[in-house]
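One-letter residues, chain by chain:
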Amino acid sequence: MEQLSYTYKATQPIKEKIHVGVVGSGDLEILMFPTTNSEATVQVCTGSDGFDEVWKNVLTRFFDRYPILSDIVINDFGATPGVVYLRLTQAMEEISDEK
């Protein structure tokens, strides 16, 4: 298991906790929490070691498009970068449903 941590500049706070996905073979879950911090934080727990640069690239691409201010926890069980981005986008749909 590898634990990864990232921070991103963000400006759009969320109002409620968001949960999408499940931890299972080739999948992952994403938990987003409102925060009063000045930056977004991302904690990744993954069973696939050695993919720090891939995670960084996917998350940077996401935050460049969606600068949400939240604390995010990702529990990964071997998801591909495409699945990671899909789940993050699904979380954004949940956020847009908050309004």
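Student: Help me out: how do you make sense of the environment of K56 in this one?
Tutor: If you trace the backbone, K56 turns up in helix α1 (residues 52-65). On the accessibility criterion, K56 (40% relative accessible area) is partly exposed. Along the primary structure K56 and Y6 are separated by 50 residues, whereas in three dimensions their C-alpha atoms are 7.7 Å apart. With residues near it in sequence (within four places) discarded, K56 still touches Y6 and Y8.

Student: Looking at this structure, how should I read the pattern of salt bridges?
Tutor: If the charged atoms of two oppositely charged side chains come close together, the side chains can form a pair. Enumeration over the complete set of coordinates arrives at one salt bridge. Here R87 makes a salt bridge to D27, at a shortest N to O gap of 3.0 Å. Taken together, the residues span a long stretch of sequence, with R87 in helix α2 (residues 81-98) and D27 in strand β4 (residues 27-34) at a distance of 60 residues. A single burial state applies to R87 and to D27, both of which are buried.

Student: Teacher, can you tell me more about the environment of A40 here?
Tutor: Mapped onto the secondary structure, A40 falls in strand β5 (residues 39-46). Residue A40 is classed as buried on the basis of its relative accessible area of 0%.

Student: Would you mind showing me how to read the nonpolar core here?
Tutor: Most often, soluble globular proteins have nonpolar side chains that are buried together. One finds M32, V42, W55, L59, F62, I68 and I74 to be the most contacted residues of the largest nonpolar core, which totals 30 residues. At the level of elements, β1 (2-9), β3 (18-21), β4, β5, α1, β6 (68-77) and α2 are the ones that each hand at least two residues to this core. A total of six residues in this core trace back to one element, the largest contributor, which is α2. Setting aside anything within four residues of it in sequence, one finds W55 in contact with L4, Y6, L28, V44, T46, I74, D76 and V84.

Student: Please explain the packing of aromatic side chains as it appears in this structure.
Tutor: To describe a pair of aromatic rings, one takes the distance between the centres and the angle between the planes. All chains considered together, the criterion is met by four aromatic pairs. Aromatic pair F62 and F63: ring centres 5.3 Å apart, planes at 85 degrees, arrangement edge-to-face. Note on F62: relative accessible area 0%, which makes it buried. The class of F63 is buried, set by a relative accessible area of 5%. Judged by centre distance (6.4 Å) and plane angle (80 degrees), the rings of F62 and Y85 are edge-to-face. One end of the pair, F62, is in helix α1; the other, Y85, is in helix α2, and 23 residues separate them in sequence. For the pair F62 and Y85, a shared accessibility class is recorded, and that class is buried. The positively charged end of R61 is found above the aromatic ring belonging to Y85, 4.2 Å away from the centroid.

Here is what the cut-offs are and how they apply
Residues numbered from 1 in each chain as written. Predicted model: local features only at pLDDT ≥ 70, side-chain atom pairs only at ≥ 80, totals over all residues. Heavy atoms only, no water. Helix = DSSP H or I, 4+ residues; strand = E, 2+ residues; numbered from the N terminus. Buried < 20%, exposed > 50% of the residue type's maximum accessible area, 1.4 Å probe, protein only. Contact = heavy atoms within 4.5 Å. Salt bridge = Lys/Arg side-chain N within 4 Å of Asp/Glu carboxyl O. Core = buried A, V, L, I, M, F, W, Y, C linked by side-chain atoms within 4.5 Å. Phe/Tyr/Trp six-rings, centres within 6.5 Å; stacked < 30°, edge-to-face > 60°. Lys NZ or Arg CZ within 6 Å of the ring centre and 35° of its normal.

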